[in-house]
Structures are given as C-alpha cells and as structure tokens.
Amino acid sequence: MNQPLSNPDMPVKQTGMAVLFCAVMKRDLMLAFRRRSDLLNPLIFFLMVASLFPLGISPEPTFLEQLAPGVVWVGALLATLLSMDSLFRSDFDDGTLEQTLLSPQPLFLVVLAKVIAHWAMTGLPLTLMAPLLGLMLFLPTEGMGGLMLSLLIGTPTLSLIGAIGAALTVGLRKGGVLISLLVLPLYIPVLIFGAGAVQAAVTGLPLGGYLALLGAMLALGIALAPLAIAAALRISVSG
Amino acid sequence: MSEPLLEVRQLLCERDDRVLFENLDFSLNVGEVLQIEGTNGSGKTTLLRILCGLTSHYEGDIFWHGELRTQAREAFNRSLLYFGHQPGVKAVLTPLENLHWYSAMHPSMDASRVLWALEQVGLRGYEDVPCHMLSAGQNRRVSLARLYMNDAILWILDEPFTAIDKQGVAQQEALIAQHAINGGAVILTTHHELTMPGPLRRLNLDQVRETL
C-alpha cells in the first residue's frame with residue numbers, strides 16, 4: 001500500500017468521454033437485463049391498452065382505424081411515463097447516485113448515457129412493438145411507416161423530458177404522481193405532432209413537417225434536458 | 001505545507017429549525033486524520049455531506065487548497081473519495097462490475113488494481129457473485145475496496161466500520177493511518193474507539209454546540 005498519491009498539480013489520467021459514456025450505458029443496460037420484470041412492465045401495459053380498447057369501445061374496423069394513431073401514441077406515452085420513476089430511484093436508494101454526483105466526470109454526459117440506456121429499454125422496444133398494435137387496431141398499412149418513424153423520433157424526447165421529472169422527484173418517497181403532473185404538460189406537443197404524423201401517413205399527406213418538428217424537439221431535448229436533469233439531481237440529493 | 005488542505009470557516013447548518021452546528025471552524029492538513037464525534041443526530045453525516053459538496057444547505061465557507069470549494073469543484077472531486085451511509089453498491093451487479101463502474105466514474109481509481117483490492121478486503125472468490133447474495137458486511141467491503149485502488153488525497157468516510165468484523169476494522173485502521181503517512185488526509189465518523197498509530201484529531205460536535 002505504498003502507492004504514491006497523485007499530486008493535484010500533476011496532469012491526472014483522464015478517462016475518455018467515449019469510454020465513460022459506454023461504461024455508464026453498459027452498466028445501465030446490464031442492470032435492466034438483470035431485472036427483466038421491470039423491463040417487461042411498460043411493454044405489457046402498452047399491449048394491454050391496445051387490446052382493451054376494441055373491447056371497451058367497439059370492434060368495428062372502420063371506427064378503430066380512425067382511433068388507432070392516437071391510441072397507439074397515447075399508449076406509448078403512458079408506458080414511457082410509467083417506467084420513468086425507476087430511472088434514478090434505485091441509484092438514489094443504494095447511494096450510487098451520490099457517488100455519481102461526486103465524480104469529477106461531466107454529469108451532462110453521464111445523465112445523457114443513462115437516459116439513452118433507458119430509452120433503449122423502453123422507447124425502442126415500444127417502437128418495435130407498435131406495428132403489432134397498429135395491426136390489432138386495424139391501422140392501414142400505409143400508416144405503419146409513419147407510426148414507427150414518429151415513435152422512433154418521439155420516444156427519446158419523452159424519455160428525456162420524463163427524466164427531468166424523475167430527477168426532481170427522486171428524493172421524495174412517493175414521486176410517481178408528481179412526475180405525471182410535472183411531465184404530462186410537456187408531453188402534449190410530442191403527442192400532438194406524433195399522432196399527427198401517423199394520421200398524415202394514413203391519409204397520404206407528406207410527413208416531413210411533422211417529423212421535422214419532432215426532430216427539432218428531440219434536438220432541443222438532447223441539448224438542454226441533461227442540464228436540467230443534472231441540476232435537478234443535485235437538488236434532490238441535497239435535500 | 002503552510003496552506004491547509006481543507007479549511008472550514010464559520011460553518012452553520014440548520015435543519016428543521018434546529019441549529020446543528022454554528023461558527024464551526026477547523027482545518028485539515030495533509031497527513032492528518034480527523035475523527036468527527038457526536039451523539040446520534042448531532043449532525044455528523046450532515047457535516048460530511050456538506051464537506052464533500054452533496055448538501056448545499058449551509059452557510060459559511062469551505063476552502064480547498066485555499067480556493068473556495070464551490071469554484072474548485074472539479075479539482076476537489078478528483079481528489080475526493082467519499083464513503084457514504086449507503087455503501088453505493090448495486091445489488092444486481094457483481095463486485096467486479098461495481099468497481100469497474102467506479103473506476104470509469106473516478107479517474108483517480110485504477111481499474112488494474114480491482115482484483116488486488118478485492119483480495120485485500122477478503123472478497124477473493126466472490127468477484128462474480130451478485131452483491132445481493134453477499135452479506136451486509138461484504139457489501140460494505142466491496143465499497144471499501146475502493147480505498148485500496150485510488151490515488152485520491154482526501155478520504156471522507158461515514159461510519160466505515162459498520163458491519164465490518166474485528167479483523168477487518170483493524171485492517172482498515174491500518175490502511176487509514178498508512179494513507180495519512182503517504183500524504184493523504186482522512187475525515188471519518190465512527191462510534192468505534194480508534195486505536196490507530198499516528199496522530200488523530202477529534203472534533204466533537206456536541207461540545208461545539210455546548211460552547212455556543
């Protein structure tokens with residue numbers, strides 16, 4: 001144990017940003033895979049929404065066809081929201097969140113990696129599952145491309161916004177309800193343009209405008225949300 | 001070393017309308033071990049959390065190498081190792097995976113020393129066992145293994161000996177003393193009677209309050 005201590009004036013070994021990013025993502029993906037029930041929860045919820053709608057309203061194909069874009073999008077939105085609370089919860093409970101905040105590494109990057117890992121475990125499977133739900137709700141095949149594209153661009157935004165709410169409420173014992181209240185108003189534009197894109201695809205109108213707006217929201221989210229998440233985490237842990 | 005490593009001036013912390021400490025002044029030099037004492041609820045953990053920058057509910061100034069800590073945040077974090085109330089160990093990850101994550105997050109930690117560090121804390125053979133299968137003491141040992149694999153100067157340890165067996169405690173004490181000799185500094189809280197060689201300073205939060 002006679003290792004020399006590093007001098008503060010000496011250049012310190014810097015872990016590369018990419019290495020850090022991959023390490024955080026790998027850890028979060030590994031954690032998700034070892035708790036598979038958490039992984040399946042939003043997907044099962046998504047599937048249930050779509051399968052219960054025809055039973056509750058009407059099994060009429062022409063009627064469901066009109067509802068399909070909105071139902072699938074609302075289902076995906078709520079499923080994402082449902083999974084948000086767990087994003088920082090376990091890290092907060094076992095003290096690894098404190099250690100993350102005390103790291104000299106840029107928190108922006110760490111948080112972004114965590115959100116992307118979370119999206120890969122919720123938003124991405126939801127997107128891949130969406131055509132199945134579209135089929136169950138008689139969504140015309142012309143709409144499938146629009147559905148998947150809009151979800152692919154829209155769900156990361158949902159994850160980023162949801163993570164702000166999760167970071168703000170992680171210090172509270174019962175944060176679940178509060179997240180919904182905080183985050184739902186911010187989800188509405190994404191929902192409107194997402195469902196709008198699917199509707200446009202069904203009717204054969206150009207999608208470009210909707211997707212561009214969703215893309216703009218995503219770009220804004222990637223640039224700004226991690227800052228808000230990092231600041232919110234500091235407040236939550238401080239309390 | 002004329003300039004102290006860490007200096008605290010006029011620190012005040014109030015929690016739920018109760019003043020935990022006020023006008024707290026102390027400094028820590030390289031080579032020193034400072035034990036924070038006090039009864040349960042006297043604010044030991046809060047003080048440590050303030051010192052390492054987790055809590056911002058305080059008044060007063062904290063200087064790191066003569067510079068305000070809030071301004072020298074990155075340099076400070078790079079020189080800090082914090083062992084908190086919760087061990088900071090992921091239950092579904094193995095000790096090896098936990099420590100690899102730590103070394104990615106803290107550049108002062110040397111990933112090549114992971115296996116050696118685990119051996120030092122007596123977890124050889126448990127490298128690939130998920131932490132939820134280990135005992136409470138072993139989980140804390142996983143986190144304590146960080147002490148063996150980093151070059152951070154300042155160690156802030158909150159109850160590092162909880163759930164650790166006698167032999168382990170003696171070993172950690174020796175490690176802490178060695179760290180101070182090597183040019184580091186340690187702040188710790190413990191209810192355990194420290195019997196380490198070398199200089200040990202004590203700061204009793206109950207006395208701080210009584211003298212107000």
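Residues numbered from 1 in each chain as written. Chains lettered and ligands numbered in written order. Predicted model: local features only at pLDDT ≥ 70, side-chain atom pairs only at ≥ 80, totals over all residues.

Comments concerning the overall build of chain B
Looking only at helices and strands, chain B features seven helices and nine strands. Overall size of chain B, expressed as C-alpha extent along the three principal axes, is 50 × 35 × 30 Å. Taken over 212 residues, chain B has a buried fraction of 46%. Considering only contacts in chain B between residues 6 or more positions apart, those separated by 24 or more positions represent 68%. (Helix = DSSP H or I, 4+ residues; strand = E, 2+ residues; numbered from the N terminus. Buried ≥ 20, exposed ≤ 12 C-beta atoms within 10 Å, placed from the backbone. Contact = placed C-beta atoms within 7 Å.)

Side note on helix H1 (residues 17-34) of chain A
Taking 1.5 Å of rise per residue, the 18 residues of H1 of chain A would be expected to cover 26 Å, and the 26 Å separating its terminal C-alpha atoms lies within 8% of that figure. By the burial criterion, the buried members of H1 of chain A are Leu20, Ala23, Val24, Arg27 and Asp28 of chain A. Buried residues of H1 of chain A, viewed axially, fall in a sector of 120 degrees; they line one side. With respect to the buried face of H1 of chain A, the exposed residues turned more than 90 degrees away are Ala18, Val19 and Phe33 of chain A. Elements that come into contact with the buried residues of H1 of chain A comprise helix H6 (107-121) of chain A together with helix H3 (95-105) of chain B. (Expected span 1.5 Å × (residues − 1). Arc of directions from axis to C-beta.)

Examining the packing of helix H3 (residues 61-84) of chain A against helix H7 (residues 123-136) of chain A
Residue and element names in this part refer to chain A. As a packed pair, H3 and H7 sit with axes 11 Å apart at the nearest point and diverge in direction by 150 degrees. One way to sum up the angle between H3 and H7 is to call them roughly antiparallel. Taken as a pair, H3 and H7 cross one another with a handedness that is right-handed. Taking contact as the criterion, the partners of Ala68, Val72, Gly75, Ala76, Ala79 and Thr80 in H3 are, on H7, Gly123, Leu126, Ala130, Leu133 and Gly134. (Axes fitted to C-alpha atoms, helices over the stretch in contact; angles between N-to-C directions. Parallel < 35°, antiparallel > 145°, perpendicular 65-115°, else oblique. Left-handed = near helix turned anticlockwise from the far one by under 90°.)

Section: the environment of Pro226 of chain A
Residue and element names in this part refer to chain A. Among the secondary structure elements, Pro226 is positioned in helix H10 (residues 208-238). The class for Pro226 is buried, based on 24 C-beta atoms found within 10 Å. In the structure, Pro226 is positioned 25 residues away from Ala201 in sequence and 32 Å away in space, judged by C-alpha atoms. Here Pro226 is in contact with Phe108, Val111 and Leu112, once residues within four sequence places are set aside.

Let's talk about the packing of helix H2 (residues 36-56) of chain A against H7 of chain A
Residue and element names in this part refer to chain A. At their nearest, the axes of H2 and H7 sit 10 Å apart, and the two run at 15 degrees to each other. As judged from the angle between their axes, H2 and H7 are roughly parallel. In the crossing of H2 with H7, the sense of the turn from one axis to the other is right-handed. Here Pro42, Leu43, Phe46, Ala50 and Ser51 of H2 lie close against H7, whose contacting residues are Pro125, Leu126, Met129, Leu133 and Met136.

Some remarks on the interface of chain A and chain B
The partner chain B presents 38 residues to the 31 residues of chain A that form the contact. Going through the elements one at a time, H1, helix H5 (96-101) and H10 of chain A are the ones with two or more residues in the side of chain A that touches chain B. Looking at the side of chain A that touches chain B, the element that brings in the most residues is H1 of chain A, giving seven residues. Counted by class, the side of chain A that touches chain B contains 13 nonpolar, 12 polar and six charged residues. (Nonpolar A, V, L, I, M, F, W, Y, C, P; charged D, E, K, R; others polar.)

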